[in-house]
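# What the coordinates show
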Amino acid sequence: MNKRNQVIPVAKNQIIEITIHALGHEGQGIGKYNDFTVFVPEALPGETVEAKIIFVKKTFAVAKLMDIISTSEGNRVTPACTIAKRCGGCQLQHMDYQAQLAFKRQIVIDNLQRIGKLTDVTVHPTIGMDNPWNYRNKAQVPIGAAIDNEAGLVSGFYAIRSHEIIPMDACNIQHSYNDELVVEVRKLAEKHGITAYDESTHKGLLRHVVIRTAFKTDEVMIVLVINGKSLPNQGQLVQEIASLSQNIKSICLNVNKEKTNVIFGDETRVLYGEDKIFDYIGDIRFGISARSFYQVNPVQTEVLYAKALEYAELTGEETVIDAYCGIGTITLFLAKKAKMVYGVEIVPEAIEDARYNAEINGVDNVEFAVAKAEEWIPQLYKKLGNSDSNDTDKDERGHECNSLPEVIVVDPPRKGCEQELLDTIIAMKPERVVYVSCNPSTLARDLQILVQGGYEAKEVQPVDMFPHTSHVECCSLLVRKDN
Ligand code: SAH
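Residues numbered from 1 in each chain as written. Predicted model: local features only at pLDDT ≥ 70, side-chain atom pairs only at ≥ 80, totals over all residues. Heavy atoms only, no water.

Under an unreviewed UniProt entry, the name given to the chain is 23S rRNA (Uracil-5-)-methyltransferase RumA, and the organism recorded is Desulfuribacillus stibiiarsenatis.

As structure tokens, then:
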């Protein structure tokens, strides 16, 4: 029967028995009821469950897990966290960790096949963590008003698909410093009568407390995101926060007066200490400021970057572009093994950090640009394509800028690369493209474009940067076919 004419075999509130055969991309169980797709969050493949239909659409329904009748795979575990069911942060805590890793690999394979039509790419088993807990270096915690206490504040996490704050003082995937400091900062804010921001009325001051802990140095940055220009008793409050721990090296204020879900506003001021904290990835030292992107799982970041470097196969002679370079993390690793690396990134503060990081590590075969990758790389190509190859175009440090890159690394945000960038890569013909991605669906779309443009997608290595969530990071290697 044509899907469109399919009779919908379930109705709201109906209780059904259903066997789960797969997991959706957000970790929800998927089963068929009389050939009709039903999503059952929290149910796992191999389980036959009783579920109550909560809503019905034309092509699928969503049901609430009521009871597990039987299971054939035995991947269910008791979540370590008592609020795992309600919190929107982790989607897979009820699943055995090894099964999570297999699930993430399967998501990548499914996306490559369904979206990218790529069936012969080697997708390696996901590289997991020995200890997949307390791995996050950054907490971004919303603050709300306590319902039972007018002057009180709560800190916690948003419930699934909502902005209701679930009060929570300890998160099992956070570094313990972050958890402890959020609670202490919230208590101090409460003591000074600071109000919580209310999304519905756009009133109240404190929106988020953002805390980043550098795992290798223990340095901590605290950012208070507020709907205003300053805090009451600001000087005293800041001193009290600073005295919570000698690891606190930076306290910043970020002004966000917009009606938005975006956490940070444009203005950041340092209230105490430095504008950055320092961390190491491998033996490279990085300064990280409040607005700069920095991978949240430092242990797996080393795994991911090592893979990117391995795929780049550098000999020391290459010109390399690192697109979406952030604070120059991958760039500086590449620079150790390349002749010259160009990093491009859209956030000016991140590029300030990147230049500073190159300097403190004594790396001088790198150049950074603040620009959109999809604009800067086509411009560079135009310039190089038009320049006389005998006429060496030297930059201010004397580097030769007249050769096309042999390797391009891209590490875009979730929406993937813009078409203009992919077109330029195809035209520039680097021998290798290393594509680091946090979203398998845009990865699959972009790999298909590169494959159609003359590349072979050789292999994809999923790395578990976000244990217990449904997110998966990948490092992929593409090689030019006509080389
Ligand atoms: N490679 C870095 C950062 C990856 S995150 C690391 O591993 O740390 C993606 C980065 O892309 C972010 O820093 C973001 O600010 C930047 N970005 C987003 N859109 C961009 C664009 N159109 N052009 C260049 N950079 C962009």
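Anyway, onward from the coordinates.
Attention now moves to the domain arrangement of the chain. By the assigned domains, the chain splits into domain 1 (3-76), domain 2 (138-281) and domain 3 (297-480). Computed over C-alpha atoms, the centres of domain 1 and domain 2 are 39 Å apart. (Domains from an automatic or database assignment.)

Turning next to the UniProt feature "domain: TRAM" (unreviewed entry) in the chain. The UniProt record marks residues 9-67 with the feature "domain: TRAM" (unreviewed entry), using the residue numbering of this structure. End-to-end, the C-alpha atoms of residues 9-67 are 21 Å apart, and along that stretch the chain is 0% helix and 63% strand. (UniProt positions renumbered as here; feature names shortened; annotations may be inferred. Helix = DSSP H or I, 4+ residues; strand = E, 2+ residues; numbered from the N terminus.)

Sites flagged by UniProt as "active site" (unreviewed entry) map to Cys438. Setting aside anything within four residues of it in sequence, one finds Cys438 in contact with Pro412, Pro413, Arg414, Val472 and Glu473. (Contact = heavy atoms within 4.5 Å.)

This brings us to the site of the ligand. Near the ligand lie 17 residues; those nearest to it are Tyr305, Glu345, Ala373, Glu374 and Asp411. A distance of 3.1 Å separates an oxygen atom of the ligand from a polar atom in the side chain of Gln295. Within the complex, 89% of the 570 Å² of free accessible area of the ligand lies under protein. Partitioned by chemical class, the residues of the shell around the ligand number ten nonpolar, three polar and four charged. (Near = heavy atom within 4 Å. Polar contact = N/O pair within 3.5 Å; in protein donor to acceptor, adjacent residues only side chain to side chain. Areas by Shrake-Rupley, 256 points an atom, 1.4 Å probe, with all protein chains shown as cover. Nonpolar A, V, L, I, M, F, W, Y, C, P; charged D, E, K, R; others polar.)

Another point: the environment of Ala444. With respect to the helices, strands and loops of the structure, Ala444 is situated in helix 9 (residues 440-452). For the pair Ala444 and Tyr324, spaced 120 residues apart in sequence, the C-alpha to C-alpha distance is 18 Å. The contact partners of Ala444, leaving out residues within four places of it in the chain, are Asn111, Leu112, Ile115, Gly116 and Leu118.

Glancing now at the side chain of Arg136. Mapped onto the elements, Arg136 comes out in the loop between strand 6 (122-123) and strand 7 (138-145). For the buried residue Arg136, which engages in no salt bridge, the nearest side chain bearing the opposite charge is Asp179, 8.9 Å off. In this structure the side chain of Arg136 is engaged in a polar contact, spanning 3.0 Å, whose partner is the backbone oxygen of Lys138. Apart from residues lying up to four places away in sequence, Arg136 is in contact with Ile173, Gln174, His175, Asn178, Phe215 and Val296. (Buried < 20%, exposed > 50% of the residue type's maximum accessible area, 1.4 Å probe, protein only. Lys, Arg positive; Asp, Glu negative; His and termini not counted. Salt bridge = Lys/Arg side-chain N within 4 Å of Asp/Glu carboxyl O.)

Low pLDDT means the predicted atomic positions in that stretch should not be read closely. Residues with a pLDDT of 70 or more make up 94% of the chain, whose mean pLDDT is 93. Between residues 388-398, whose pLDDT stays under 50, and residues either more than four places distant or in other chains, the model counts 18 contacts. (pLDDT = per-residue confidence, 0-100.)

Take the sheet that holds strand 1 (residues 15-23) next. The strand order around the closed barrel built from five strands is 1-2-3-5-4, with neighbouring strands paired in mixed fashion. Put simply, the sheet's adjacent strands are angled 50° from each other on average, direction ignored. With three bridges connecting them, strand 3 (residues 36-40) and strand 5 (residues 60-71) associate as parallel partners. Looking at the pairing, Val38 lines up with Ala61 of strand 5. (Pairing = 2+ DSSP bridges. Axes fitted to C-alpha atoms, helices over the stretch in contact; angles between N-to-C directions.)

The next point concerns unusual backbone geometry. The phi angle at His202 is positive, at roughly 60°, despite the residue not being glycine. Along the chain, His202 falls in the loop between helix 2 (176-191) and strand 10 (206-213). Looking at His202, the relative accessible area reads 22%, which means it is partly exposed. The phi torsion at His468 lies on the positive side, around 75°, for a residue other than glycine. With respect to the helices, strands and loops of the structure, His468 is situated in the loop between strand 21 (455-463) and strand 22 (473-480).

Moving on to the environment of Gly228. Tracing the chain through its elements places Gly228 in the loop between strand 11 (220-226) and helix 3 (234-242). Along the sequence, Gly228 and Gly128 sit 100 residues apart, while their C-alpha atoms lie 42 Å from each other. Residues in contact with Gly228, not counting those within four places in the same chain, are Leu205, Val255 and Lys257.

The next point concerns the pattern of salt bridges. Under the defined criterion, the tally for this structure stands at 16 salt bridges. We note a salt bridge from Arg445 to Asp446, for which the minimum N-O separation is 2.8 Å. Under the relative-accessibility criterion, Arg445 is labelled partly exposed at 32%. A single network of salt bridges, built from pairs that share partners, joins Lys229, Glu267 and Arg269.

The subject of this paragraph is the sheet that holds strand 16 (residues 319-323). The mixed open sheet is built from eight strands, whose spatial order is 6-21-22-20-19-16-17-18. Sheet topology places strand 6 and strand 18 (366-370) at the edges, where each strand pairs with a single neighbour. In this sheet, strand 18 lies alongside strand 17 (residues 340-345) in parallel orientation, the contact comprising five bridges. Looking at strand 18, one finds that Val344 is bridged to Ala369. Set on the sheet, helix 6 (residues 348-360) makes contact with strand 17 and strand 18; between it and strand 18 the angle comes to about 170°.

We now examine the packing of helix 8 (residues 419-428) against helix 9. Contact pair helix 8 / helix 9: the axes reach a minimum separation of 9 Å and the direction vectors enclose 30°. Crossing handedness for the pair helix 8 and helix 9: right-handed. Across from Gln419, Leu422, Ile425 and Ile426 in helix 8, the residues of helix 9 making contact are Asp446, Ile449 and Leu450. A per-class count over the contact of helix 8 with helix 9 returns five nonpolar, one polar and one charged. (Left-handed = near helix turned anticlockwise from the far one by under 90°.)

Time to look at helix 6. With 13 residues, helix 6 ought to run about 18 Å at 1.5 Å a step, and its terminal C-alpha atoms sit 18 Å apart, in line with that. Regarding helix 6, the residues found buried are Ala350, Ile351, Asp353, Ala354, Asn357 and Ala358. Projected onto a plane normal to the axis of helix 6, the buried residues spread over an arc of 155° and lie on a single side. Every exposed residue of helix 6 that faces more than 90 degrees away from the buried side is listed here: Glu352 and Glu359. (Expected span 1.5 Å × (residues − 1). Arc of directions from axis to C-beta.)

It is worth spelling out the packing of helix 1 (residues 97-114) against helix 9 at this point. Where helix 1 meets helix 9, the axes come as close as 8 Å, and the angle between the chain directions of the two elements is 40°. Classed by the angle they form, the pair helix 1 and helix 9 counts as oblique. Of the two elements, helix 1 crosses helix 9, and the hand of that crossing is right-handed. Here helix 1 contributes Ile107, Val108, Asn111 and Leu112 to the contact with helix 9, which in turn contributes Pro440, Ser441, Ala444 and Leu447. (Parallel < 35°, antiparallel > 145°, perpendicular 65-115°, else oblique.)

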